[in-house]
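Fold and geometry: a report
Read off the chains here:
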Number of protein chains: 4
Amino acid sequence: MTSLPTPPPVLNPARLRLIASCPDRVGIVARVATFLAERGASITEANHYHDTHSQWFFMRSEFEIGRGSPSAAEAHSPVSAAADDAALLARLAEEFRPIAEAFGMQWRITDAQQPRRVVILVSRFDHCLAHLLHRRKSGDLVFDLPCVISNHDDLRPLVEWYGVPFHHVPVPRDPAGKDAALKQTAALIDQAAPDTIVLARYMQIFPPWLCERYRDRIINIHHSFLPSFVGGRPYHQAEERGVKLIGATCHYVTEELDAGPIIEQDVVRIRHSDTIKDMMRLGKDVESAVLARGFRLHLEDRVLVHGHKTILFSE
Amino acid sequence: MTSLPTPPPVLNPARLRLIASCPDRVGIVARVATFLAERGASITEANHYHDTHSQWFFMRSEFEIGRGSPSAAEAHSPVSAAADDAALLARLAEEFRPIAEAFGMQWRITDAQQPRRVVILVSRFDHCLAHLLHRRKSGDLVFDLPCVISNHDDLRPLVEWYGVPFHHVPVPRDPAGKDAALKQTAALIDQAAPDTIVLARYMQIFPPWLCERYRDRIINIHHSFLPSFVGGRPYHQAEERGVKLIGATCHYVTEELDAGPIIEQDVVRIRHSDTIKDMMRLGKDVESAVLARGFRLHLEDRVLVHGHKTILFSE
Amino acid sequence: MTSLPTPPPVLNPARLRLIASCPDRVGIVARVATFLAERGASITEANHYHDTHSQWFFMRSEFEIGRGSPSAAEAHSPVSAAADDAALLARLAEEFRPIAEAFGMQWRITDAQQPRRVVILVSRFDHCLAHLLHRRKSGDLVFDLPCVISNHDDLRPLVEWYGVPFHHVPVPRDPAGKDAALKQTAALIDQAAPDTIVLARYMQIFPPWLCERYRDRIINIHHSFLPSFVGGRPYHQAEERGVKLIGATCHYVTEELDAGPIIEQDVVRIRHSDTIKDMMRLGKDVESAVLARGFRLHLEDRVLVHGHKTILFSE
Amino acid sequence: MTSLPTPPPVLNPARLRLIASCPDRVGIVARVATFLAERGASITEANHYHDTHSQWFFMRSEFEIGRGSPSAAEAHSPVSAAADDAALLARLAEEFRPIAEAFGMQWRITDAQQPRRVVILVSRFDHCLAHLLHRRKSGDLVFDLPCVISNHDDLRPLVEWYGVPFHHVPVPRDPAGKDAALKQTAALIDQAAPDTIVLARYMQIFPPWLCERYRDRIINIHHSFLPSFVGGRPYHQAEERGVKLIGATCHYVTEELDAGPIIEQDVVRIRHSDTIKDMMRLGKDVESAVLARGFRLHLEDRVLVHGHKTILFSE
């Protein structure tokens, strides 16, 4: 092998991601990388992980690929110069399908430059919501936000100041009323057609059918270092127990309360003189930060759910 | 008030600590500080804390006081020039008793320069023990160590290399044998007359009568972020749950397993690729560090137990 | 001593703080505590620290004292039942002055329930300002904010949404123009009569006369872990050097750029893949958090400046 | 593509690593992964990173490959059943060379199960050395240690207790004596034929020729958060400046003092009451931990040097 064909430079590239997991076997990386190379894709970041326990393989590749210019492998895989990114994505997915099926993959190809559609739900505590709105406005977190939904009307001025539609759906305590309210909430969510739902201190329990509908796409922030202090009033529990650190946990929501796959956690030190009110104040910062970090990992397709755990490709 | 009498310089001072707690009322600090000032004591560090919830008051004062030279208040409280530090301590305690009784104090006066007597118990994991032995040898932690006791003989060479007597007391599984072994262990402890007992990964449960005998003086290191993962095999529980941080907890031992007052805690981040073996390795460092920090706070009389919680004067 | 006089309960107390430092000598604590006890003050938190190197003594006491009801020591120190808190403060200060002078103290008595007057200066980066405004609105940080001043007009909508007056004072680059602009800025500050000035990413250098006028009362946030990367563009310097952590420093402003007494610092981990833009994003969170923590310590009178260093009583 | 050939199970596999970097171009991953797949290698972990700034590509793949059994690609690349791991490595390297040359790679293939040969140099502070020796003995860090070299004889008993040869080479202050001593030190190093040299608080400056001989293989621990406080006595500098955090830096040694590529850093919080002696004590723990982490990353081939910075594949 004395020389390599020099591929044509990639002009005006699209930036895409291929996420996949499957039972492990020899040749997966080679097959996928060859698929990408044949199409002139330039890999900018890739992570592969083999879980020894379950013999499962996980991968995430981010790559640049020509939009309009024909790829090096044009002969058997022409990408039309007129195709826009959605068409490019669809075409690539179509071409990748046989490989995915041969390996028994769970997989997706996503567009790194296409902001995700996100719906945020919130109750009365505004710190997580304000954190996300502020970072979205400043460009630090990029996502589309068709609406914010709340069971209280308190945060309407904040949300509307950021130019985001706000829906108020009160949730009564009686079972029938609550059921109706959650159905109305679900209808508003469905109508917004979100990719991801963020519960930014939404103090209602999602019904199982709604958890299932958006499986692995509902992100919650819990104000404790799970599995410590599950359930309500974790700061009171922490104060009662006399712990020296309090924490927050960002996790996917499942039917089982506070038990979904954990994405991110962190803690903050407290002192004997800190009251529950102090813990709430300190907790706000760690909750906001942990939610923002977990949400960012999710938006960048860096979180792969595996059973009740997560693989994080956080390079 | 135009001038203050200049107290004579304190020559060759002893360094003592007064630790006290009592129901709060006006005038405690004034009374105690006046007591110290009358004896020419120079306060080098002091902390006072009022717990609003229980209306309880806590204080710790570290002060220098003349050993041989008569104090400014010699007239009504002469400290004999010939008295050694133990006598000085006894005298001060005798003089302080009426004040303590008037306020209903729990209290003690200790000698900051007198190393505490400590017995360490350990099983097979050597990281916490090695950490303490090394820091003791290097002078970073100052305490007397009459002996180390273990239910296994594995760590004898390590302990003896540091010139410390090592006792091996196997603990059988049968109740009668276990009971006899723990009694023998207690006898060895009593014989060493320790101020403090450190369980540096000692994998046996102390019987209630032994917990009671050394109440608020038995320090344990638990290899989880309590109250998460109480009981056995916390790393397995952590792996099962998919947490992103693991921790360690240094606490006083009470009859209730893993529920004694917490002194210090910390966590370390883990990754999806970390196996239980990796967690054990990462856990070793955080366990060693947390135990050493909690133990140091205890040695310096900075931990005041209040119910099932601790006040830490960690300035 | 068989009994203690029971002081009358303190009704509707004021919460005050006494901050003092002076050359160390025996009896300071006793004298101050007796002064407070004579007036029926109940100490809720106190810290004393003796700096061995400089032989200097520092103290901070927070106490509750009766407002309207006569104190136990009414005979020689009557506090008029009609006096409001300012009068109470003035009276106490008057009475304390002889003690302070006898010991050569730098000292002040402050009202813990009286919000400080603060002026915030900012340029274009809004993260620190937004953090402070949001925490003020939610009651997590309590202070009066007569106005925000900026050399740009960009952040007016944000500030005005929070109902705070906004002054735009452009600062030209030419020396004469800059001088005039800073004088106008100073005039606006003086007019607001602030206790404290916060530079929340204000990208202009304060002239020495302005630093001097508000000595130990101007708080700046610097976007590096000082003394690393002093001067401009610290993230570029950090990227160039390949460090693994970036930080932020909250400090008092002095004539010497980036060299004033440090109040608080923290760091955040970065990865090889983090660009300068990523560092800026990560830096924003640590800057906001460090500024808020340092500012809170200042508001609570927990920061005592000693030469070019700070004593923090952060219990 | 309806079916994939099932590769024979890999029996008794060797675990190897391929580390490479080169100018970026399309197809690198595909070519390398295909190379591995052709030989039946199962990738257990892989990381790829593209540095946008320099247009350079970095990769690390860890894989299992059959030792004795013929691989799926036996026809054109038979690996003799009799070959031991060294032969396997040599063969693989030989076969990979044309690919490496075609892409202009810097590369190596290493045996993950073959402990590295390491020489540790130390002066009088024993905390980093003790940390490494203890973790090596407990199996937490795996490496061969042919000898420890010191310019003092103090730590001989510690080293010899761990069964490791100890060489004492005093380094005089006069240039000629120092030069001779460093040459003798280098001769002892060369004789031990180490892969890696660890300076575990070795207080002598390595001459440029020695830095060059073991380029990117000499690891130093510096007792400050570089680039703060370069040079000597960093704790004194930190105390002088009044910083609130002190740190440690693990870096490769280059001719330029304290300026080599940084591998790992961390910090620890200090208080106003901490003396330089306290900083030294707190610093010991962070130094030991940072050195151990950086050294582990190096041993696992997770550190790729790129100019004066490092890429860390720390999955």
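Per chain, the residues get numbers from 1 upward, laid out in the order the sequence is written. Lettering for chains starts from A, numbering for ligands starts from 1, and both go in the order in which the items are written. Given that this is a predicted model, residues contribute local features only at a pLDDT of at least 70 and side-chain atom pairs are listed and counted only at 80 or more, while totals for whole chains, interfaces and linings are drawn from all residues. Heavy atoms throughout the structure, all of them, feed into the side-chain values; hydrogens and water do not.

What follows concerns the relation of the copies chain C and chain D. Mapping chain C onto chain D calls for a screw motion: a turn of 180° about the axis and a shift of 0.0 Å along it, with 0.0 Å RMSD after fitting. Classification of the inter-copy transformation places it as that of a two-fold axis. It is C:S228 whose C-alpha, among those of chain C, lies nearest the rotation axis, at 2.5 Å. Mapped onto chain D, 100% of the interface residues of chain C are again interface residues, and the two copies thus contact each other with one and the same surface. The least-squares superposition of copies is restricted to C-alpha atoms, and to residues with a pLDDT of at least 70 in both copies. The contact criterion used throughout is that any non-hydrogen atoms of two residues lie within 4.5 Å.

Residue and element names in this part refer to chain A. UniProt positions are given in the numbering used here, feature names are shortened, and annotations may be inferred rather than shown by experiment. If you check UniProt for "active site" (unreviewed entry), the listed places come out as D258 in our numbering. In this structure, D258 sits in the loop between β10 (245-252) and β11 (262-269). Among the polar contacts made by the side chain of D258, one reaches the side chain of H222 at a distance of 3.3 Å. By the criteria applied, helices consist of DSSP H or I runs no shorter than four residues and strands consist of E runs no shorter than two, each listed in order from the N terminus. Side-chain atoms alone can form a polar contact between residues adjacent in sequence; in general such a contact is a pair of N or O atoms within 3.5 Å, and within protein one must be able to donate a hydrogen while the other accepts it.

A separate point is the side chain of A:S224. Residue and element names in this part refer to chain A. One can find S224 in the loop between β9 (218-222) and α7 (234-241). Three exposure classes are used, based on accessible area relative to the maximum for each residue type with a 1.4 Å probe and protein chains only: buried under 20%, partly exposed in between, and exposed over 50%. For S224, a relative accessible area of 2% translates into the label buried. Separated by 3.4 Å, the side chain of S224 and the backbone oxygen of F229 make a polar contact. Setting aside residues no more than four positions away along its own chain, S224 makes contact with F229, P234, G247, A248 and T249.

All right, on to helix α7 (residues 234-241) of chain B then. Residues B:P234, B:Y235, B:A238 and B:R241 constitute the buried set of α7(B). Summarising the axial view, the buried residues of α7(B) lie within an arc of 130°, below the 170-degree limit, and thus occupy one face. Those residues of α7(B) hidden inside the fold are in contact with β11 of chain A together with β9 (218-222), β10 (245-252) and α8 (276-299) of chain B. Two residues or fewer past α7(B), B:G242 is found with a positive phi of approximately 75°. The directions considered for the arc are those from the helix axis to the C-beta atoms.

A separate point is the interface of chain B and chain C. In this complex, chain B contributes 34 residues to the contact, which on the side of chain C involves 35 residues. Values labelled buried area give the accessible surface lost by two parts on being combined, using a 1.4 Å probe and summing over both. Interface of chain B and chain C: buried area, both sides summed, is about 2,800 Å²; carbon and sulfur atoms make up 62% of it. Only one rule defines a salt bridge in this text: a Lys or Arg side-chain nitrogen within 4 Å of an Asp or Glu carboxyl oxygen. Our enumeration of links across chain B and chain C arrives at 0 salt bridges. Secondary-structure elements contributing two or more residues to the side of chain B that touches chain C are α1 (28-38), β2 (42-51) and α2 (85-103) of chain B. Looking at the side of chain B that touches chain C, the element that brings in the most residues is β2(B), giving 9 residues. Among the residues forming the side of chain B that touches chain C, the class breakdown is 20 nonpolar, 9 polar and 5 charged. Sheet analysis places β2(B) next to strand β2 (residues 42-51) of chain C, joined by 5 bridges and oriented antiparallel. Each residue is assigned to one of three groups, with Ala, Val, Leu, Ile, Met, Phe, Trp, Tyr, Cys and Pro labelled nonpolar, Asp, Glu, Lys and Arg labelled charged, and all others, Gly among them, labelled polar. Note: two strands are recorded as paired if DSSP finds a minimum of 2 bridges between them.

Our next topic: helix α2 (residues 85-103) of chain A. An α-helix turns once every 3.6 residues. As a result, residues three or four positions apart point the same way. Residue and element names in this part refer to chain A. The span you would expect from a helix comes to 1.5 Å times its residue count less one. With 19 residues, α2 should cover 27 Å at 1.5 Å per step; its first-to-last C-alpha distance of 26 Å lies within 8% of that length. For α2, every residue scored as buried is listed here: D85, L88, L89, L92, A93, E95, F96, I99, A100 and F103. Elements that come into contact with the buried residues of α2 comprise β1 (13-23), α1 (28-38), β3 (56-66) and β4 (106-111). Positive backbone phi, approximately 70°, marks G104, located one or two places after α2.

Think of pLDDT as the predictor's per-residue confidence, scored from 0 to 100. The pLDDT averaged across chain A works out to 91; a share of 91% of its residues lies at or above 70. Low pLDDT, under 50, characterises residues 69-83 of chain A; the predicted model gives this stretch 19 contacts beyond four residues in sequence or across chains.

All names here are of chain A. In this entry, domain limits derive from an automatic or database-based domain assignment. Along its sequence, chain A is carved into domain 1 (13-111) and domain 2 (116-312). Measuring from the centre of the C-alpha atoms in domain 1 to the corresponding centre in domain 2 gives 32 Å. Contact residues are listed per partner, giving 13 residues for domain 1 and 9 residues for domain 2. Roughly 860 Å² is buried in total at the junction of domain 1 and domain 2, and carbon and sulfur atoms are behind 53% of that figure. Among the residues domain 1 hides against domain 2, the three largest losses belong to R17, F58 and R60. Together they make up 47% of the total. The tally of links from domain 1 across to domain 2 stands at 3 salt bridges. Applying the counting rule to domain 1 against domain 2 returns 8 residue pairs in polar contact (both at pLDDT 80 or more). Those elements that place two or more of their residues in the side of domain 1 that touches domain 2 are β1, β2 (42-51), β3 and β4. Ranked by the residues each element gives to the side of domain 1 that touches domain 2, the list is headed by β3, at 4 residues. Taken together, the residues of the side of domain 1 that touches domain 2 sort by class into 6 nonpolar, 2 polar and 5 charged.

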